[in-house]
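# Survey of secondary and tertiary structure
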Amino acid sequence: MDKIVLITGATSGIGLACARKFAANGDKLILTGRNERRLAEIQKELVEKGTLVLTLAFDVRDRKMAEKFISELPSEWQKIDVLVNNAGLALGLEPEYEGNLDDWETMIDTNIKGLLTITRLVVPGMVQRDSGHIINVGSVAGDAAYAGGNVYCATKAAVKALSDGLRIDVANTAVRVTNLKPGLVETNFSNVRFRGDNERAANLYKGIKPLTGDDIADVAVFAANAPAHVQIAEVLILATHQASGSVIVRK
């Protein structure tokens, strides 16, 4: 049976990879992101391959817009089976005592509050139907802080705590919760973090073959399609030569 899959932050990186992988799995997609033009391009790409796609252009930090879009979903799109809370970002690598307060606010509002907002809007329907799956995209950074990671690491630690807490809250239902924790993934994540400094971003991946968005999307699709009695609660996904958030062997 085709699932309806809502993916936040679907215009690039892991979110876009998830969109393509769930589409290849035969699912219907609700894709959100801030870039309306890019959403339209992705919709066209996937529709041409036979996937039903609904796009919602808004920022997960804008609670009122999120409420409006989710509450006004057409009836045939309201029964969301899988929620992929992917929207997130990192900004800067300064020591905590020199950090940019605006950057902190953006990360907290996106990575934590945005995730909470979408969860609050979507999961009640899953609980009511006694069916559904929430996949939160966390990070190895949520397991232990690394130099310069401070606030970003804290937001991903929060994703783990929120995933664990939600799993407890829905344990009396058939709703499942998965926390994916990628390590080094080559997407535009580092370009955003370094504000378009492509050379600095590229240096992060030198000497190691990093993960790709597809690698993470494969795990998301696998978790979503596990038998109903199987809940893949948490998955740490690292490149072969990465041992933790801070231990990377470059060759």
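How each quantity is defined
Residues numbered from 1 in each chain as written. Predicted model: local features only at pLDDT ≥ 70, side-chain atom pairs only at ≥ 80, totals over all residues. Heavy atoms only, no water. Helix = DSSP H or I, 4+ residues; strand = E, 2+ residues; numbered from the N terminus. Rg over C-alpha atoms; globule rule 2.2 N^0.38 Å. Buried < 20%, exposed > 50% of the residue type's maximum accessible area, 1.4 Å probe, protein only. Contact = heavy atoms within 4.5 Å. Lys, Arg positive; Asp, Glu negative; His and termini not counted. Charge placed at Lys NZ, Arg CZ, Asp CG, Glu CD. pLDDT = per-residue confidence, 0-100. Expected span 1.5 Å × (residues − 1). Arc of directions from axis to C-beta. Polar contact = N/O pair within 3.5 Å; in protein donor to acceptor, adjacent residues only side chain to side chain. Axes fitted to C-alpha atoms, helices over the stretch in contact; angles between N-to-C directions. Parallel < 35°, antiparallel > 145°, perpendicular 65-115°, else oblique. Left-handed = near helix turned anticlockwise from the far one by under 90°. Salt bridge = Lys/Arg side-chain N within 4 Å of Asp/Glu carboxyl O. Pairing = 2+ DSSP bridges.

Turning to the overall build of the protein, a few remarks are in order. Secondary structure summary: the protein contains eight helices and seven strands in total. Computed over its C-alpha atoms, the radius of gyration of the protein comes to 17 Å, within 12% of the 18 Å expected for a compact globule of 251 residues. Expressed as lengths along the three principal axes of its C-alpha atoms, the size of the protein is roughly 50 × 40 × 35 Å. The buried share of the protein, reckoned over its 251 residues, is 49%. Restricting to contacts in the protein with at least 6 residues of sequence separation, those with at least 24 account for 72%. The distance from the centre of the 29 positive side-chain charges to the centre of the 30 negative ones in the protein is 3 Å.

For the rest of this paragraph, the subject is the confidence of the model for the protein. On average, residues of the protein carry a pLDDT of 96, and 100% of them reach 70 or more. Per-residue pLDDT, averaged within each element of the protein, yields its smallest value for helix α6 (residues 189–193) (79) and its largest for strand β4 (residues 82–85) (99).

This paragraph deals with the environment of T187. With respect to the helices and strands, T187 occurs in the loop between β6 (175–182) and α6. Each C-alpha atom of the pair T187 and D197 lies 14 Å from the other, and the pair is 10 residues apart in sequence. Setting aside chain neighbours within four positions, we find T187 in contact with G13, I14, Y205 and G213.

A few words now on helix α2 (residues 36–47). Across its 12 residues, α2 extends 16 Å between first and last C-alpha, which sits within 8% of the 16 Å expected from 1.5 Å per residue. Turning to α2, its buried residues number three or more, namely L39, I42 and L46. Each buried residue of α2 sits inside an arc of 65 degrees when the element is viewed along its axis, so together they form one side. Opposite the packed face of α2, turned more than 90 degrees from it, sit the exposed residues R37 and K44. If you follow the buried residues of α2, they end up packed against α1 (13–24), β2 (28–33) and β3 (53–57). Taking the backbone nitrogen of R37 as reference, a side-chain oxygen 3.2 Å away marks N35 as the first, capping residue of α2.

Attention now goes to the packing of α1 against α2. For the pair α1 and α2, interaxial distance at closest approach is 11 Å and the crossing angle is 20 degrees. Judged by the inter-axis angle, α1 sits roughly parallel to α2. In this structure, the crossing between α1 and α2 has a hand that is right-handed. Contacts between α1 and α2 pair L16, A19, R20 and A23 from the former with R38, I42, E45 and L46 from the latter.

Time to look at the pattern of salt bridges. In the structure shown here, the tally under the stated rule is 15 salt bridges. Notably, a salt bridge pairs R63 with E67, separated by 3.9 Å at the nearest N-O pair. You can see R63 and its partner E67 sitting in helix α3 (residues 63–71), four residues apart, about one turn around the helix. Because the salt bridges share partners, they merge into one network encompassing D143, K160, D164, R167, K181 and E234.

Here seven strands make up an open sheet; going across it, the order is β3-β2-β1-β4-β5-β6-β7 and the pairing parallel. Either end of the sheet is taken by a strand with one partner, and the two such strands are β3 and β7 (234–237). Within this sheet the neighbouring strands show an average axis-to-axis angle of 15 degrees, counted without direction. Here strand β1 (residues 4–7) pairs with β2 via four bridges, running parallel. Residue pairing across strands places I7 opposite L31, the latter belonging to β2. The strands that helix α4 (residues 101–129) touches are β1, β4, β5 (132–137) and β6; relative to β4, the one it contacts most, it runs at about 170 degrees.

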